[in-house]
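# Fold and contact review
Spelled out, the chains give:
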Amino acid sequence: MVEQETKKVKREKIPRQPMPEQEPELRAKNFEEVPFGYSPETAMKEAERCLQCKKPACIAGCPVEIDIPGFIRLIKEGEFTKSIRKLWERNSLPAICGRVCPQEIQCEGVCIVGKKGEPVAIGNLERFAADWERENGTGDLPPKAEPKGKKVAIVGSGPAGLTVAGDLIVKGYEITVFEAFHKPGGVLLYGIPEFRLPKEIVAQEINFLERLGVKVECNQVVGRTVSINELFEDGYDAVFIGVGAGLPILLNIPGKNLIGIYSANEYLTRSNLMKAYRFPEYDTPIIRGRNVVTLGAGNVAMDSARTALRLGAENSRIVYRRSRTEVPARDAEVHHAEEEGVEFFFLAAPTKFIGNDQGRVVGMECLKMELGEPDDSGRRRPVPMEGSEFELECDLVIVAVGAGANPLLTQSTEGLALNKWGYIQADPKTGKTTKKGVWAGGDIVTGSATVILAMGAGRIAANSIDDYLTWGW
Amino acid sequence: MFKIVKREEMSEGTVILNEIEAPLIARKAKPGQFVILKANETGERIPLTMAETDPEKGTITVIYMVVGKSTALFKTLMVGEGYQDIIGPLGKPTDVEKVGNVVCVGGGTGIAVLHPITRALKEIGNHVTSIIGARSKDLLILEDKMKAVSHELLITTDDGSYGRKGFVTDALKDVLDKGDTQLVVAIGPVPMMKFVSKLTQEYGVKTIVSLNPIMVDGTGMCGGCRVTVGDQTKFACVDGPEFDGHKVDYDELMLRLQAYCEHEQQCYNDFCMLNPQ
Ligand SMILES: Cc1cc2nc3c(=O)[nH]c(=O)nc-3n(C[C@H](O)[C@H](O)[C@H](O)COP(=O)(O)OP(=O)(O)OC[C@H]3O[C@@H](n4cnc5c(N)ncnc54)[C@H](O)[C@@H]3O)c2cc1C
Ligand code: SF4
Ligand code: FES
């Protein structure tokens, strides 16, 4: 009893272990990952802070219900290999989730320890276990069931598709992933920058699936190179569609097509997938602005504004039409961006881009906004203030105000019901679409969301596909 | 790898033909569609409209002009070597319809793109007059092939070294003056398409052009290929590449094609230093 008491006191004294990071001035100029990760000692110390709750709130807060106290206990005991196995039971991409999940509104947001002080650093620990395995692990593969003699096609290699692939390959299905780009990974590869998610890690996670037997076919634009119906003709028994959102939203204001106005998709794809940040070693060019303005304030906007700094911007500014309280990006991202020198202009929106005689953007005109009544999303609607025009000088504009549903696949596939915004209708409990033998999940169903929600949808679909191939539709 | 099975040099080595093994694409491709090619790991994604496809052999043919680093790199690829990545078929196929009298106008490597479209338009029962042009005789490509798929073939060169001296628009004007042309298809350098469209607009003849803006993904994901058509912004990779020639904002397209000219120059110079010839 006494011993327990002292242990508790000791535990309460351990502060949340900070993650060492590159200094802001330094990192704003390079593409290397910002946080360095925990050492085994720090991880074990942080793991001690977990109370091992009987009814863990954190698990309920996790979209894929990872046994959080379970994997944390194993880290505390120094059983790192067992810990990663525990994670893999529910999450096939822990090195990625540990880095990009919004833990503050999920597991960590409801952690009991967080009620009084700072929550257990669940994300950092998840990342630690996955990194440790990658660097020191045995590389052993999890066990696989006997071959079932059935084939599943997965369209899109983002987190949704990769989760379905990982879940079904161990159940004994033959899996082929069809990816439109020349490399797999979806947004993990072409959207999220190197300094937040090293591409080496994405490649390793995919390599892990390939070692399990998943076939990845790149350069396959389903709907063009091959259609969904043809996949069935080719002998696939089920198809999962996880093609992401993938349609850029651009602003419809004068000057919108000037050179130097990129959609965030184009800017980030050039930099991340095509490695334009290493031009001319890589051949794809990218416009490197001095005065850069990013429109929007989600994660995509933060990634764009921070990329611009690394590509040599003197000023990297974010212009957002609502106020700081409405910023949709994760706090950690906003914090990192501010530390690195990104400036924020809240309550402002562009009305017009100004170009020079070569068709290049040189500035933009903005209006100040004030917040009015709440709109459909429950956020207060920004209303322009009359006569509040001001100009911003800029030679590069990145439009990061959201994404829509890319119609390429959905419009070339008969029998797939879409909602009014063009996203695929899928049963939230199974992922089934209105087309027989076809499932869908991730951003193409929900609209732009998160990695973990896409994975959760993949998990649900994988279970339903397994049921179908065992019992029928 | 997508292997090159045939390679030819044309136009004094400034234009290259590659026939490439790509069975899945060859099976699906229709006239007017394009592919995106990437030579190697560090390469750029370059869109090229297909000049020919052979579903039986499983090959596609592209013909490109050497204009910068990426095409200079493509030029170094020999038979037996190949491209790391080819994606396609992309874009909408040409609307091939029987309308009556059609004039197909081509310039530069646009002639390569025009060829399968011309053939399809003839096969469906149109009377096809083709007009192809180049700066001079040595730079003209695919004369025989175009002759074979047209009822009549007119040739112009800027310097008069072959065919009629002048621009394709001069020959086109004469054809249009005869009246009774239902459709013009114009594919070539942007200024050529611009002037052809200007001319046909005066005659009120429907005109289709094929645009070649800078692209990245080719699937409607980035918006880099956007062009203004009428009062709308269109993505050439999915809404095109063919558009109503009378509605395209050619001046904007020409500017946007210059977006990376400084980068191009740097890259190309470096490449030429390392790979003389
Ligand atoms: C810049 C950026 C930063 C983000 N940051 C975060 C973050 O920090 N945390 C977080 O949780 N979420 C973040 N997100 C959101 C998250 O990345 C997405 O919600 C998630 O990736 C969606 O997964 P998905 O599998 O549905 O689709 P995607 O990841 O979009 O993958 C879809 C794949 O399908 C391919 N495809 C499309 N069409 C076809 C076709 N016709 N045939 C074959 N393949 C096709 C695409 O090329 C792509 O590879 C971010 C998104 C972006 C853009
Ligand atoms: S809620 Fe917090 S303390 Fe409780 S088990 Fe989860 S991580 Fe541990
Ligand atoms: S090339 Fe990206 S949208 Fe057309």
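Reading the values: the criteria
Residue numbers restart at each chain and count upward from 1, following the sequence in its written direction. Both sets of labels track the order of writing: A upward for chains, 1 upward for ligands. Whole-chain, interface and lining totals are the exception, using all residues; otherwise, since this is a predicted model, local features are given only for residues with pLDDT of at least 70 and side-chain atom pairs are given and counted only at 80 or more. Hydrogen atoms and water are omitted, and side-chain values are computed over all heavy atoms in the structure. We call a residue near a molecule or strand whenever a single non-hydrogen atom of that residue lies within 4 Å of it. A 3.5 Å cut-off defines polar contacts: any pair of N or O atoms within that distance qualifies, except that in protein one atom must be a possible hydrogen donor and the other a possible acceptor, and neighbouring residues in sequence count only when both atoms are side-chain atoms. Residue-level accessible areas treat just the shown protein chains as cover; the underlying method is Shrake-Rupley with a 1.4 Å probe. Runs of E in the DSSP output that reach at least two residues are strands. Runs of H or I that reach at least four are helices, and both are numbered from the N terminus. Three classes are used: nonpolar for Ala, Val, Leu, Ile, Met, Phe, Trp, Tyr, Cys and Pro, charged for Asp, Glu, Lys and Arg, and polar for all others, with Gly counted as polar. Between rings of Phe, Tyr and Trp, where Trp is taken as its six-membered ring, a pair exists when centres lie within 6.5 Å; planes separated by under 30 degrees are stacked, by over 60 edge-to-face, and by other angles tilted. Exposure categories follow from relative accessible area, calculated using a 1.4 Å probe and restricted to protein chains: below 20% of the type maximum is buried, above 50% is exposed, and the middle band is partly exposed. A ring is scored as having a charge over it whenever the NZ atom of a lysine or the CZ atom of an arginine sits within 6 Å of its centre and within 35 degrees of its normal. Lines fitted to the C-alpha atoms define the axes, with helices restricted to the stretch that makes contact. Angles between their N-to-C directions range from 0 to 180 degrees. Any angle that falls under 35 degrees is termed roughly parallel, while one over 145 is termed roughly antiparallel, one within 65 to 115 roughly perpendicular, and all others oblique. Should the near helix be turned counterclockwise from the far one by less than a right angle, the crossing is left-handed, whereas a clockwise turn marks it as right-handed. Contacts between residues were defined by any pair of non-hydrogen atoms, one from each residue, lying within 4.5 Å. Whether two strands pair depends on DSSP finding at least two bridges between them.

This brings us to the site of ligand 1. Residue and element names in this part refer to chain A. What surrounds ligand 1 is a group of 34 residues, the closest being V100, E179, R196, V222 and D443. Take V222: an N or O atom from its main chain is 2.8 Å from a nitrogen atom of ligand 1. T450 is positioned such that a nitrogen or oxygen atom in its backbone is 3.4 Å from an oxygen atom of ligand 1. About the coverage of ligand 1: the protein hides 93% of its 1000 Å² of free accessible area. Here the shell around ligand 1 gets three residues from one element, more than from any other, and that element is helix α16 (residues 299-310). Along the lines of polarity and charge, the residues of the shell around ligand 1 split into 19 nonpolar, eleven polar and four charged.

This part is about the packing of aromatic side chains. Residue and element names in this part refer to chain A. All chains considered together, the criterion is met by twelve aromatic pairs over all chains. Here the aromatic rings of F344 and F346 are separated by 5.5 Å at their centres, their planes lie at 15°, and the arrangement is stacked. For F346, a relative accessible area of 24% corresponds to the partly exposed category. Through successive ring pairs, a cluster of aromatic residues spans F31, F195 and Y277. Looking at K368, its charged tip hangs above the ring of F390, at a distance of 5.6 Å from the centre.

All names here are of chain A. Contact geometry of helix α6 (residues 80-90) with helix α10 (residues 122-136) gives a least axis separation of 9 Å together with a crossing angle of 115°. As the angle between them shows, α6 and α10 are arranged roughly perpendicular. You can see that α6 and α10 cross each other, and the crossing is left-handed. Judged by residue contacts, F80, T81, S83, I84, L87 and W88 of α6 engage E126, F128, A129, A130, W132 and E133 from α10. Each residue belonging to the contact of α6 with α10 can be placed in one class, and the counts come to eight nonpolar, two polar and two charged.

Okay, the sheet that holds strand β1 (residues 2-10) of chain B next. Residue and element names in this part refer to chain B. One open sheet holds the five strands; their spatial order is β5-β6-β2-β1-β7, and the pairing between them is antiparallel. In this open sheet, the two edge strands, each paired with only one partner strand, are β5 (52-54) and β7 (82-83). Alignment of β1 against strand β2 (residues 15-21), held across six bridges, turns out to be antiparallel. Residue M10 lies in a different strand from β2, and its bridge partner there is V15.

This part is about the environment of A:P193. Residue and element names in this part refer to chain A. As for its position among the elements, P193 is in the loop between α12 (187-190) and α13 (199-212). Since its relative accessible area comes to 0%, P193 is described here as buried. Excluding residues that lie within four positions of it along the chain, P193 makes contacts with K199, L268, N272, D303 and T307.

Around ligand 2 lies a shell formed by A:C50, A:L51, A:C53, A:P56, A:C58, A:P69, A:C111, A:I112, A:V113 and A:I122. Its residues placed into classes, the shell around ligand 2 shows ten nonpolar, no polar and no charged.

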